[in-house]
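Residue-level structure breakdown
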Amino acid sequence: MDRTFTFAAYAGSLRKRSYNRMLLNALVKAAPQHVRVDVLEIAQVPLFNADLEDDPPPAVTRLRDAIRAADGLIIVTPEHNGTIPAATKTVIEWASRPSDDSVLERKPAAMLGASTGYYGTLRAQAALRQIATIEEVYFMVNPEIRVARAQTKFDERGELLDEELRTELTEFLEAFASWVRRFQP
Ligand SMILES: Cc1cc2nc3c(=O)[nH]c(=O)nc-3n(C[C@H](O)[C@H](O)[C@H](O)COP(=O)(O)O)c2cc1C
């Protein structure tokens, strides 16, 4: 590639030992030379409140600005109760409002996720894709990364143990750069 791509990425979990955060950290490290992945910290982002839409808290403004400035958004989502958890969703809600200034509209995006179950966020990712139809987010179609049995994939320090997955993460970012390019003149 002849240019650099900057992606904003967040993990929809506030847990210190979050597998999705570990997966996001591994994604940052797996980035090819022409891709930079900037992690969005969401711990200070409150639950969405429409009363604050026009004058949001600073953490929300930072988040929205970073998504707007990035070439693409990457969402690393856990699965809770067969769907996306509140932490994943509240970021989407803040990003989408006010509706005439959504930073998600026509944003190229990609998703991946890790769960301790055997389906590796299959249902959460399906739910997230549905949001695309409402918000006009351009989610990458392929490749898909669903990390099942996440508790077996990382060591005590949170480092990725699975070499095949490491390669897949690099390929994922390469594919996303190509996907983003389709939407940029
Ligand atoms: C409230 C709750 C609901 C959950 N529901 C699911 C589920 O539907 N499917 C699944 O695979 N794992 C489920 N899990 C297990 C998660 O995959 C596991 O907690 C995982 O570690 C969450 O991601 P994190 O480590 O990034 O926080 C659930 C966990 C919690 C706390």
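The structure under discussion appears in the preceding block.
A few points on the structure. Computed from a predicted structure; not experimentally measured. (Residues numbered from 1 in each chain as written. Predicted model: local features only at pLDDT ≥ 70, side-chain atom pairs only at ≥ 80, totals over all residues.)

**Brief notes about the overall build of the chain**
Helix and strand counts for the chain stand at five helices and six strands. Listed N to C, the secondary structure of the chain is β-α-β-α-β-α-β-α-β-β-α in terms of helices and strands. A compact globule built from 185 residues should have a C-alpha radius of gyration of about 16 Å, and the chain, at 16 Å, falls within 12% of that. Based on the C-alpha atoms only, the size of the chain along its principal axes is roughly 45 × 40 × 25 Å. Every one of the 185 residues in the chain was classed for burial, and the buried ones make up 39%. Across the chain, the fraction of contacts at a sequence separation of at least 24, relative to all contacts at a separation of at least 6, is 78%. (Helix = DSSP H or I, 4+ residues; strand = E, 2+ residues; numbered from the N terminus. Rg over C-alpha atoms; globule rule 2.2 N^0.38 Å. Buried ≥ 20, exposed ≤ 12 C-beta atoms within 10 Å, placed from the backbone. Contact = placed C-beta atoms within 7 Å.)

**Thoughts on the site of the ligand**
Residues in close proximity to the ligand total 14 residues, the closest being Ser 18, Asn 20, Pro 78, Ser 115 and Gly 117. The class makeup of the residues in the shell around the ligand is three nonpolar, nine polar and two charged. (Near = placed C-beta within 6 Å. Nonpolar A, V, L, I, M, F, W, Y, C, P; charged D, E, K, R; others polar.)

**Details of the nonpolar core**
If you look at the biggest cluster of nonpolar residues, it comprises 51 residues, and the most contacted ones within it are Phe 7, Ala 9, Leu 23 and Val 76. In this structure Phe 7 touches Val 35, Val 37, Ala 70, Asp 71, Gly 72, Ile 74 and Phe 176, once residues within four positions along its chain are discounted. (Core = buried A, V, L, I, M, F, W, Y, C linked by C-beta atoms within 7 Å.)

**A look at the environment of Ala 86**
Position of Ala 86 relative to the elements: it lies in helix α3 (residues 86-96). Remark: the alpha-carbon pair of Ala 86 and Leu 47, spanning 39 residues in sequence, is separated by 8.0 Å.

**A word on unusual backbone geometry**
Between Arg 97 and the following residue, Pro 98, the backbone shows a cis peptide bond with an omega angle of -10°. As for its placement among the helices and strands, Pro 98 is situated in the loop between α3 and β4 (108-114). In the Ramachandran plot, Asn 81 falls in the positive-phi region, its phi being about 50° despite a non-glycine side chain. Positive phi, normally seen in glycine, also occurs at Arg 149, with a value near 50°. The topology assignment puts Arg 149 in the loop between β6 (145-147) and α5 (163-181).

**With respect to the pairing of strand β1 (residues 5-11)**
Along β1, six of the seven residues are buried, which leaves the element largely enclosed by surrounding structure. Across five bridges, the pairing between β1 and strand β2 (residues 35-39) is parallel. Counted as the bridge partner of Ala 8 is Asp 38 from β2. In this view, the connection linking β1 to its parallel neighbour β2 by way of helix α1 (residues 19-29) has right-handed handedness. The pairing of β1 with strand β3 (residues 72-76) spans five bridges and is parallel. Its bridge partner lying in β3, Ala 9 is registered against Ile 74. (Pairing = 2+ DSSP bridges. Right-handed = clockwise from strand over helix to strand, strands pointing away.)

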